[in-house]
Amino acid sequence: MTERERIAHLLRRAGLGASKSEVDYYLPLGYRGAVEALLDYEKVPEDYTELLQRLRGDSPQVRPPHAKMWWMTRLLTTRRPLQERMVLFWHNHFATSASKVPRAELMLQQNETFRRLALGSFRDMLLAVSRDPAMLLWLDNHLNRKGKPNENYARELLELFTMGIGNYTEQDVKEAARAFTGWTLRPRVGFQFVPALHDDGEKVFLGQRGHFDGTDIIDILVKHPKTAEYICTKLFRFFAYDNPEPAVVRALVTTYFDSGYRIGAVIKQILLSEAFLSPRSVRSIVKSPMDFVVGTLRCLGVGQWLLAALQAQTLPQPALAVLRFADQAMQRMGMSLFYPPSVKGWDWGMAWINSATMTERIRFTDTLVNPRTLGRGIAGAINSLTPAPTSADDERLLQQVCELLDASLSARSRQSILKAVRAKTPSDNSTKVMMMLRLVCSSAEYQFC
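Residues numbered from 1 in each chain as written. Predicted model: local features only at pLDDT ≥ 70, side-chain atom pairs only at ≥ 80, totals over all residues. Heavy atoms only, no water.

1. Some words on the overall build of the protein chain
Point 1. A count of helices and strands for the protein chain gives 24 helices and 4 strands.
Point 2. Here the C-alpha radius of gyration of the protein chain, 24 Å, is about what a compact globule of 449 residues would show, namely 22 Å.
Point 3. With the C-alpha coordinates of the protein chain rotated into their principal frame, the extents come out at 80 × 55 × 40 Å.
Point 4. Across the 449 residues of the protein chain, 56% fall into the buried class.
Point 5. Across the protein chain, contacts joining residues at least 24 apart in sequence account for 72% of those joining residues at least 6 apart.
Point 6. As presented, the protein chain carries roughly 19400 Å² of accessible surface, and 51% of it is formed by carbon and sulfur atoms. (Helix = DSSP H or I, 4+ residues; strand = E, 2+ residues; numbered from the N terminus. Rg over C-alpha atoms; globule rule 2.2 N^0.38 Å. Buried < 20%, exposed > 50% of the residue type's maximum accessible area, 1.4 Å probe, protein only. Contact = heavy atoms within 4.5 Å. Areas by Shrake-Rupley, 256 points an atom, 1.4 Å probe, with all protein chains shown as cover.)

Structure representation (structure tokens):
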């Protein structure tokens, strides 16, 4: 691969799509420099403090649609793409649904926790999630009390958040549940530890004996080799490919412990590894709805257009229409932000593609290129990026569209698209570009990142 191709691959997996402008930005840094710049996102200033209030308007309370548009805005406009990708990773890992959390503010609070601790210590993340109001409601730990332990959170903590099934006993679940008794919720205040509700008796957990509380359980879990293996494997699969080689996982586990459980150190090692840049990794993962929708819109420059539109004193309707369009398209493709289907999160990879979701991907592109259905705002953004109507022949024009979308088509797909476009004989260059854009986004190759 060329350096440009390596950085484009990096941005597809560790960013939010490889738009031409973003590849141009990171290219002078070289591949390693680009990895370090993505990870060191705290140096990139961003301010979204007034965004929620502006989206909320005169509404007396924050509602789920406000929360969804707030996160969608960040996904489309951020200059910290790795941070937002990690928020999605943690949202799926600690899958919490607004369907059981009555206040949207609590979902936003959890989302901000994921953002704040995205690359930090896994221990700090586990501790924060265990005290998170949305999680306390979602997995019922606010009802967990001495003498009447509720095992929901303890069970998922072991099965889905740390060790994985098969590495603990039913008795370990019961003992962990006892340790988290009294970790509850005070309305309008948040997490509260109530000593009177806590079982401070002796417990035996994973072979260790003591008067454990929830923090002790987390300390035992983050030090356990199975937890290290579980989280390192999941991170590698998220960024590179399924079924990583044992030697790759062992190296990541070593980094996990040597760094003090720091997720950022593990991710850096993944992104700099030969495995990440291998043919097994490049364009081998099916795009999630987020990758497909957000990645396409960012490639088309819609994020930059949206950022400029949001500077207006009153939020313009075309900007709100774009946010709703992106969110609804993702929902129809199977991913509704803040509403994962279960505590296991979403199934990834090939599970994203079936006849129904593929139809929705095509419908998304149809809407995208049709100014009558989406409005002038987004159409203007796309038209401004339309390759100049020069004497470029169809093949050259198609190449420009592919570069715009970061698409890599086979010779067969290229010929099929050219044949379809020529059969329609569009009357103007802009219409021809729109047809090509639609067909490229609908191609088999474009479904992979």
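2. Side note on the packing of helix H5 (residues 64–77) against helix H18 (residues 317–332)
Point 1. At a minimum axis distance of 10 Å, the contact between H5 and H18 shows a crossing angle of 95°. When the axes of H5 and H18 are compared, the pair comes out roughly perpendicular. For the pair H5 and H18, the contacting residues are Lys68, Met69, Met72, Thr73 and Leu76 in the first and Leu320, Leu323, Arg324, Ala326, Asp327, Met330 and Gln331 in the second.
Point 2. In terms of residue class, the contact of H5 with H18 is built from 7 nonpolar, 2 polar and 3 charged. (Axes fitted to C-alpha atoms, helices over the stretch in contact; angles between N-to-C directions. Parallel < 35°, antiparallel > 145°, perpendicular 65-115°, else oblique. Nonpolar A, V, L, I, M, F, W, Y, C, P; charged D, E, K, R; others polar.)

3. Side note on the environment of Phe89
Point 1. As for its position among the elements, Phe89 is in helix H6 (residues 81–93).
Point 2. Considered as a pair, Phe89 and Lys234 are 145 residues apart in the sequence and their alpha carbons are 9.6 Å apart.
Point 3. Setting aside anything within four residues of it in sequence, one finds Phe89 in contact with Ile231, Lys234, Leu235 and Phe238.

4. Some points on empty space enclosed by the protein
Point 1. Applying the stated criterion across every chain, the model contains 1 cavity of 30 Å³ or more.
Point 2. Taken together, 16 residues line the largest cavity, and the ones lying closest to its centre are Arg12, Gly17, Lys287, Asp291 and Gly295.
Point 3. It is helix H16 (residues 289–299) that provides the largest number of residues to the lining of the largest cavity, a total of 4 residues.
Point 4. Considering only residue class, the lining of the largest cavity consists of 7 nonpolar, 3 polar and 6 charged. (1 Å grid on protein atoms, 1.4 Å probe; cavity = no way out; pocket = protein on both sides within 12 Å on 5 of 7 lines; lining within 4 Å. Points joined across faces, edges and corners; volume = space filled by probe spheres on them.)

5. Digging into the nonpolar core
Point 1. By size, the foremost hydrophobic cluster in this structure holds 146 residues, and its most contacted members are Met86, Trp90 and Phe239.
Point 2. If you tally residues by element for this core, the top one is H18, at 8 residues. (Core = buried A, V, L, I, M, F, W, Y, C linked by side-chain atoms within 4.5 Å.)

6. A few points about the side chain of Gln447
Point 1. As for its position among the elements, Gln447 is in the segment after helix H24 (429–441).
Point 2. For Gln447, the contacting residues outside a window of four places in its chain are Ile285, Val286, Lys287, Phe292, Ile353, Met358, Arg361, Cys441 and Ser442.

7. So, the packing of aromatic side chains
Point 1. According to the stated counting rule, one finds 22 aromatic pairs in the structure shown.
Point 2. Between Tyr153 and Phe161 the ring centres are 6.1 Å apart and the planes differ by 55°, which places this aromatic pair in the tilted class.
Point 3. Note on Phe161: relative accessible area 0%, which makes it buried.
Point 4. Taking the ring centre of Tyr31 as reference, the NZ or CZ of Arg6 above it sits at 4.8 Å. (Phe/Tyr/Trp six-rings, centres within 6.5 Å; stacked < 30°, edge-to-face > 60°. Lys NZ or Arg CZ within 6 Å of the ring centre and 35° of its normal.)

8. Considerations on the layout of surface pockets
Point 1. For the largest pocket, the calculated volume is near 830 Å³.
Point 2. Lining the largest pocket are 31 residues, and of these Lys234, Arg237, Phe238, Asp242 and Trp348 sit closest to its centre.
Point 3. By residue number, the principal contributor to the lining of the largest pocket is helix H13 (residues 225–239), which donates 7 residues.
Point 4. Here the residues of the lining of the largest pocket sort into 14 nonpolar, 6 polar and 11 charged.
Point 5. Roughly 510 Å³ of internal volume is contained in the second largest pocket.
Point 6. Surrounding the second largest pocket, 23 residues form its lining, Ser19, Ser21, Glu22, Arg298 and Gln304 being those nearest its centre.
Point 7. Elements represented by at least two residues in the lining of the second largest pocket include exactly helix H2 (20–26), helix H3 (30–39), H5, H16 and helix H17 (302–309).
Point 8. Taken together, the residues of the lining of the second largest pocket sort by class into 11 nonpolar, 7 polar and 5 charged.

9. Considerations on the environment of Arg54
Point 1. When you line up the elements, Arg54 lands in helix H4 (residues 51–56).
Point 2. A C-alpha to C-alpha distance of 51 Å links Arg54 and Gln208, two positions 154 residues apart in sequence.
Point 3. A distance of 2.5 Å separates the side chain of Arg54 from the backbone oxygen of Leu310, its partner in a polar contact. (Polar contact = N/O pair within 3.5 Å; in protein donor to acceptor, adjacent residues only side chain to side chain.)

10. As for the pairing of strand E1 (residues 183–186)
Each regular strand displays side chains that alternate between the two surfaces of the sheet.
Point 1. Where E1 meets strand E2 (residues 190–193), 4 bridges bridge the pair, whose relative direction is antiparallel. In the strand pairing of E2, Arg186 is matched with Gly190.
Point 2. In this structure, the hairpin formed by E1 and E2 is closed by a connection of 3 residues, where Arg188 is found at a positive phi of approximately 65°. (Pairing = 2+ DSSP bridges.)

11. A closer look at the packing of helix H19 (residues 355–368) against H24
Point 1. Across the interface, H19 lies against H24 with an axial gap of 9 Å and an inter-helix angle of 165°. Relative to H24, the element H19 is oriented roughly antiparallel. At the point where H19 passes H24, the crossing takes the right-handed sense. Together, Ile362, Thr365, Asp366 and Leu368 of H19 and Leu437, Arg438 and Cys441 of H24 make up the contact between the two elements.
Point 2. Of the residues in the contact of H19 with H24, the class split is 4 nonpolar, 1 polar and 2 charged. (Left-handed = near helix turned anticlockwise from the far one by under 90°.)

12. Concerning the pattern of salt bridges
Point 1. Taken as a whole, this structure holds 32 salt bridges when the rule is applied.
Point 2. The partner of Glu36 in a salt bridge is Arg32, and the shortest N-O contact between them spans 3.5 Å. Separated by 4 residues within a single helix, Glu36 and Arg32 lie in helix H3, roughly one turn from each other.
Point 3. When the shortest N-O distance is used, the salt bridge between Glu84 and Arg115 registers 2.8 Å. One end of the pair, Glu84, is in helix H6; the other, Arg115, is in helix H7 (residues 104–116), with 31 residues separating them in the sequence. (Salt bridge = Lys/Arg side-chain N within 4 Å of Asp/Glu carboxyl O.)

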